[in-house]
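A structural walkthrough
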Amino acid sequence: MNDLPQALTDWFRLQGWALHPHQQAMLARAGEASTLLIAPTGGGKTLAGFLPTLAELGEAPRPGLHTLYISPLKALTADIRRNLRRPLEGAGLAIRVEDRTGDTGYTQRRRQRADPPHILLTTPESLALLLTYEDAPRMFGGLQRVIVDEIHALAESKRGDQLMLQLARLQAMNPGLRRVGLSATVEDPPALAAFLGEGTAILTADPGPEPDIAMLETEAPPPWAGGGGRYAIPAILEEVRRHRITLIFHNTRAQAEIFFHHLWLANEDGLPIGIHHGSLSREQREKVETAMAEGRLKAVVCTGSLDLGIDWGDVDLVIQVGAPKNVKRLVQRIGRANHRYNAPSKALLVPANRMEVVECKAALDAVRARDLDGEPRGPGPRDVLCQHILATACAGGFDADALYAEVVSAGPYRGLGRADFDACLDFVATGGYALRAYDRWQRLMLRGGLWTLRDPRAAAVIRQNLGTIIDIETVKVALKGRGPVLGEVEEDFAATLTPGDSFLIGGEVVRFQGLREMTVEVSRDPGRPPKVAVFNGTKFSTSTQLSDRILRMFHGAWDLPHHTADWLRHQREVSRLPEPGRLLLESFPHDGREHLCVYGFAGRNAQQTLGLLLTKEMEEAGLAPLGFVATDYATLIWGLEPVHALVLDRDRLRAGLETWLAGNAVMKRTFRNVAIVSGLIERSHQGRRKSGRQATFSTDILYDTLRRHDPGHLLLQITREEALRGLVDFGRIEALLDRVGDRIDLVRLTHVTPLAAPLMLEPGRIPIHGQGRERLAEDAATAMLRAAGLR
Amino acid sequence: MSYRFTLQGAGLEARPSGALWWPEAGLLVVSDLHFGKSERLARRGGTLLPPYETRETLGRLDADLEATGASHVICLGDSFDDLAAESALDEADRLWLIRLMAGRAWTWVEGNHDPGPLSLAGSHRAEVVAPPLVFRHICSGALGEVSGHYHPKARLPGRSAPCFLIDGERVILPAYGTYTGGLWCDAPALTALMRPDALAVLTGPRCLVRPMRA
């Protein structure tokens, strides 16, 4: 069983290829029920995953689906298909390999269900769809192996939970099904193994040589505050000149845009440099990808859109601008340079400000120590389970006991209680409302012991709404007068624009002309500085592990550039440096206002929540807070009265959180996602939105209605859980309280301190008054009336 | 806070709730209540929305009646999502509605969703003429016409909400029902009906006024 077909062995020899030890090991372990292979980028781990399949199929394979390969990216499946075809065709093996994604045409999709290939390459979303058809047991009846590529990336989101439920489904159809997970960056191998399935064996390949990474040396020191790394542009251009292809990573699309704009202004040699991020139109992204693959570009400014996936060209340098926030992502990005086994990847870090110098140093240490980070996974989210139940009903009905047994066999749902499962089933079947209004119109009906769709015609709509990826509602940006589409911006951002505002997209400055039928119409506006630069920013919080490293570093031997070391020394002289087991607070007057700085090192989201909770307490204590700003490290609050003492009481903070949360926009945004994933509402499809008539009304209304009339409803529970974990990040506030206990040092000072000073320059200041939005809207309305000459 | 204006000589008030108040006539007008919308969606095999929108809408209507002391109410069409929704009305909600109707002149104007006669009390009309105004479900272009049907909505920075569309010749009311989508006020279907200087009055905690075309 473990022998490769002779023709394939011969072909490998002809190419001068020899199997790596971990590839041999995968062949030897082909019979194991579940294996997690951790191998570095470029180490042939995908081939390692497929080798047992090729051995089993052999030279004269029987028809039928043998192996399912699942990747997080559509582009990756097409790439893998090409890569597999070469050896298969070279060796003359009659193994059929096909991919199936949202881009696959109708005819091929139909044919694949009737006559599946030996190896099918797909995504979790396409697999979910396949499993809703009644003929799924026939198609998957002979399935032997499943390969999950980049499994760490899938495990980071609900897509992974959904996939594990689907694997449980497939396993129930084929008890002998074997699983393989592939990854290059895993911080906690046993946890990821448990996610893939009980009893998963871990196989770790030789990690390869140390990456060649350093901080970029620049003549000018980094600024005190802000992001973007503009100061480093001359040094970065120099590096671009010296390398074949450089990827320049940014943490947000907005920063990538601003950087690209300034890079062009400084690019006197006219080096061919492109930009690539998720807000750009698909055509524009494809143009950049092709140019890269053909070696026509020297560099690409990009975001997470190039984190994963296929090799576009011969990248030999990765530059990360701004603190990496997360070691795992940094390692992933570093791996984009030099996709060859046993050749070190080369990367440079560019801190955007002095604090980021410290963070970059901590990240470099962590990468060298191979100390990856990541938040532990919570239990499998119940909205995903609701969708799975609904999808399973589409496939022809299910027995509740059997489905429960299947669900708890999936790693993320191992701890799910029967009552929780039943609540999800009740929600799917009846809506789960306290007011039992839908007895006649239940979505699922129990017929002959099986839960089935009351109205089988509903299956089509359910299929259209499968998946756990929620697109942020975006609108297209196009040149006025039916001009070309430049990209997309968030609908929320578009709603804040007033005619005349200029912003950056695709590296161009454009001026907002108006919003017409869901399209933002703009005109080119070169040479002017953009007024608005922030859109579609994904705000990552610095990971707990990295924050801890930074705190420890303050008290070790500083191996830092002199400008940053001087800064920290000065802080230590006038105040203190934050410590791992203590919480430092500084209170000082500045510029006619009292200030309080809380160095919680809990990540941006948690520091922001802390700001909201503390200002609320201060308001009640009569300290008249006026506003605050939060970073990954600290919250700075300003107000009229000095703070001389502060008690962080967990119960009071929690109580404050409950009140504040209920009406908060974060909750509403989270609810929308939960409502879509769980199947309460349908996704708004582009076509329907085009007509201008909103088929669906705002989910905010549903949230408010449920909260008033049915506060214990399942979806509100899920929303709360998710918000606490995600945007509110209360877990990290609790971790902070656990870490510091009562060891709180409040230092009263006469001046702003070196560590607090950069916070004064941070954008994103949040004013404390409920009337802010209302006043903003009112002022804008008045201005519009005046501009239109109507008043 | 309401927005006061004059239409063909009649002094009117656009209320933040989405109701139109004509003090001189003691008349309150609401349009597109869409009672029973969630029930109808469920019946059609769609999603099971929180079944509380009828009582939510009744709650606002109750508050508007309390605040204005209206003696006459016109429901300007599409009061029920369809005829079956009317018969499926929850008993508690039906009693609440009957209590609101008691002691008031109540007129149900036909809409495209509920064209037939209704089982509820009150008078049933295709339109109501009360010079200088005329009330019908869909805008016909007549002077002094108050209509609904389109569910207009508008945006301002930080807010988007159902809105009144008002010019010197006519008014189009926002949908009063809780679960109602809408048509952006700059959609051609609406700009074709209103004069260039028309205003959009956004509902919400208080009325906000902007030009309809921006």
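Values in this document were obtained by computation on a predicted structure and should not be read as measured data. (Residues numbered from 1 in each chain as written. Chains lettered and ligands numbered in written order. Predicted model: local features only at pLDDT ≥ 70, side-chain atom pairs only at ≥ 80, totals over all residues.)

Moving on, we come to the overall build of chain B. Helix and strand counts for chain B come out as five helices and 16 strands. For chain B, the C-alpha radius of gyration of 16 Å lies close to 17 Å, the compact-globule estimate for 214 residues. Projecting the C-alpha coordinates of chain B onto the three principal axes gives extents of approximately 45 × 35 × 30 Å. Every one of the 214 residues in chain B was classed for burial, and the buried ones make up 50%. Taking all contacts inside chain B whose residues are at least 6 apart in sequence as the whole, residues at least 24 apart take part in 67%. (Helix = DSSP H or I, 4+ residues; strand = E, 2+ residues; numbered from the N terminus. Rg over C-alpha atoms; globule rule 2.2 N^0.38 Å. Buried ≥ 20, exposed ≤ 12 C-beta atoms within 10 Å, placed from the backbone. Contact = placed C-beta atoms within 7 Å.)

A few words on the sheet that holds strand β6 (residues 105-109) of chain B. Residue and element names in this part refer to chain B. Taken in spatial order, the seven strands line up as β1-β2-β3-β4-β5-β6-β7 in an open sheet, and their pairing is mixed. Strand pairing shows two members of the sheet lacking a second neighbour, β1 (3-7) and β7 (123-125), which therefore form its edges. If you compare each strand with its neighbour and ignore which way they point, the axes differ by 25° on average. (Pairing = 2+ DSSP bridges. Axes fitted to C-alpha atoms, helices over the stretch in contact; angles between N-to-C directions.)

Quick look at helix α28 (residues 714-725) of chain A now. For α28(A), with 12 residues, the first-to-last C-alpha span of 17 Å sits near the 16 Å given by 1.5 Å per residue. All buried positions along α28(A) are accounted for by A:L714, A:L715, A:I718, A:T719, A:E722, A:A723 and A:L724. (Expected span 1.5 Å × (residues − 1).)

Attention now goes to the confidence of the model for chain B. Residue-level pLDDT values for chain B average 92, and 98% of them are 70 or greater. In the model output, the complex is listed with pTM 0.83 alongside ipTM 0.87. (pLDDT = per-residue confidence, 0-100.)

Below, the discussion takes up the sheet that holds strand β9 (residues 245-249) of chain A. Backbone-to-backbone hydrogen bonds join strands into a sheet, with any given pair of strands oriented parallel or antiparallel. Residue and element names in this part refer to chain A. The parallel open sheet is built from six strands, whose spatial order is β8-β13-β12-β9-β11-β10. The open sheet has two edge strands, β8 (212-215) and β10 (273-276), and neither has a second partner. Ignoring which end each strand starts from, the neighbouring axes of this sheet average 20° apart. Relative to strand β11 (residues 299-302), β9 runs parallel, the two being bridged by four bridges. Note on β11: the bridge partner recorded for L247 is V300. Contacts between helix α13 (residues 282-293) and the sheet are confined to β9, β10 and β11, with β10 contributing the most and set at about 135° to the helix. Of the strands in this sheet, β8, β9, β12 (315-321) and β13 (346-350) touch helix α14 (residues 327-334), which is tilted by about 150° from β12.

Moving on: the environment of A:R552. Structurally, the position occupied by A:R552 is in helix α21 (residues 544-554). Along the primary structure A:R552 and A:E579 are separated by 27 residues, whereas in three dimensions their C-alpha atoms are 7.0 Å apart.

To continue, consider the nonpolar core. In summary, soluble globular proteins display a tendency toward joint burial of nonpolar side chains. Residues and elements named next belong to chain A. Grouped together as the largest cluster of nonpolar side chains are 106 residues, with contacts concentrated most on L37, V148 and V428. If you tally residues by element for this core, the top one is helix α16 (residues 382-394), at eight residues. Excluding anything up to four places from it in sequence, V428 contacts C386, I389, L390, R443, L444 and G679. If you look at the next biggest cluster of nonpolar residues, it comprises 100 residues, including A232, V315, L330 and A756. (Core = buried A, V, L, I, M, F, W, Y, C linked by C-beta atoms within 7 Å.)

The residue after B:P131, namely B:P132, is reached through a cis peptide bond having omega 10°. Within the fold, B:P132 resides in the loop between β8 (127-130) and β9 (133-136). Despite not being glycine, A:D591 has its phi angle at roughly 55°, a positive value. Among the secondary structure elements, A:D591 is positioned in the loop between β21 (583-590) and β22 (593-599). Taking the C-beta count within 10 Å as the criterion, A:D591 has 8 such neighbours and is therefore assigned exposed. You will see that B:H149, though not glycine, has its phi angle at about 75°, which is positive. Topologically, B:H149 is positioned in the loop between β10 (145-147) and β11 (152-156). For B:H149, a count of 21 C-beta atoms within 10 Å corresponds to the buried category.

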